Amino acid sequence: MGFFSGLSHCFFDVGIMAWDVLLTVSNLVRRKYPIGDVTPEGHPGYGGHWPEFIPPQLTDSRCSCPAFNAMANHGIISRSGREVSFVELNNHIQATYNFSPTFSSFVLHFLARMLKRNFSEDTFDLEEIDLHNGIEHDASLLRLDAALQPDQSMKHVPFIEELLAAVTGKDRDGNDIITTKDCSRILGKRRAVAHAVNKEFSLSFFHKIFGSADASILATIFGGRVDDLRSFLLHERIPERWESRVRQPHGMTIINFNTTVLRVEVGVREKDWAQAAREAAESHGTVTLG
């Protein structure tokens, strides 16, 4: 059973990547969506009109992913964040954020495997995806490590404010934007400091890539726009009139997305933050000799 299941997953992944190549090439030759026409008609958010934002209640389920939480807060998926269908979420990720069908399907099939669920039939609660060192990982841009804050749905506001204040880019209209270099710089600090203050710190190469992927979403789907990200990251609320900054007709493909992820990851410099890490370790009482 395990062998055949693994073989099936392998064939699925190969098929997804082959399909992704085709979508990536097609995006190169097809026209982009006009500005204001990215969110498909019939889907929440069409025309920039998003369903009412309602903050989560105490009994609601939320997770470390602001993209999922925002969809729940707007009622695009279950407002409670419970019994969320993988299939339903797959469709809504594509329509809300303009990720390609290959990207959303790959991510959610991975999530289903991690939770040992059936993608086509099962559901999950948002909090379940925060299995430590599954998708959730240490040295997050937005949250304290799980050893310091077990509830990973709790955002760490100082981290978010620091990220939004560290921007160096401007778009053609003069709006402040987070660049890939900004993401790399702050990720370097997060990793250096987390390693210094968290005695249970762990961050494999696999999870470093996840961290760079999280940052890349801010720079691509949101175009790095600080005004939009302030609402999205601090309140997990989709701004009125917002639409994905990705206008390709097939959405953000795995190949396109990973080029941004690679730029972010290659630019991370933990050693540049050695002094900040020492100071953080001293303040947390985690200094070691040697």
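Everything discussed here concerns the structure shown above.
Residues numbered from 1 in each chain as written. Predicted model: local features only at pLDDT ≥ 70, side-chain atom pairs only at ≥ 80, totals over all residues. Heavy atoms only, no water.

A. The arrangement of the overall build of the protein in detail. What the protein contains, in helices and strands, is ten helices and four strands. Taken over C-alpha atoms, the radius of gyration comes to 19 Å for the protein, in line with the 19 Å a tight globule of 290 residues would show. Here the protein, with 290 residues, has 49% of them falling under the buried criterion. Long-range pairs, those at least 24 residues apart, make up 69% of the contacts in the protein between residues at least 6 apart in sequence. For the protein, the exposed surface amounts to about 14,700 Å²; the carbon and sulfur share of it is 57%. Taking the 30 positively charged and 36 negatively charged side chains of the protein as two groups, their mean positions are separated by 6 Å. (Helix = DSSP H or I, 4+ residues; strand = E, 2+ residues; numbered from the N terminus. Rg over C-alpha atoms; globule rule 2.2 N^0.38 Å. Buried < 20%, exposed > 50% of the residue type's maximum accessible area, 1.4 Å probe, protein only. Contact = heavy atoms within 4.5 Å. Areas by Shrake-Rupley, 256 points an atom, 1.4 Å probe, with all protein chains shown as cover. Lys, Arg positive; Asp, Glu negative; His and termini not counted. Charge placed at Lys NZ, Arg CZ, Asp CG, Glu CD.)

B. Here's a closer look at the nonpolar core. Among the nonpolar cores identified, the biggest contains 57 residues, and F68, L89, Y97, L111, F124 and L233 are the most heavily contacted of them. Not counting chain neighbours up to four residues away, the residues in contact with L89 comprise F68, M71, I77, V84, L108 and F124. (Core = buried A, V, L, I, M, F, W, Y, C linked by side-chain atoms within 4.5 Å.)

C. Highlighting the environment of V193. Relative to the elements of secondary structure, V193 occurs in helix α6 (residues 180-197). Assessed through its relative accessible area of 19%, V193 is described here as buried. Spatially, the C-alpha atom of V193 lies 8.1 Å from that of A139, the residues being 54 residues apart in sequence.

D. Summary view of the pattern of salt bridges. In this structure the tally under the stated criterion is 14 salt bridges. Measuring nitrogen to oxygen at the nearest pair gives 3.9 Å for the salt bridge that ties R225 to D171. Separated by 54 residues along the polypeptide, R225 in the loop between α7 (205-220) and α8 (226-235) and D171 in the loop between β3 (169-170) and β4 (176-177) bring together distant segments of the chain. Ionic contacts of the salt-bridge type, sharing partners, join the residues R82, D125 and E127 into one network. (Salt bridge = Lys/Arg side-chain N within 4 Å of Asp/Glu carboxyl O.)

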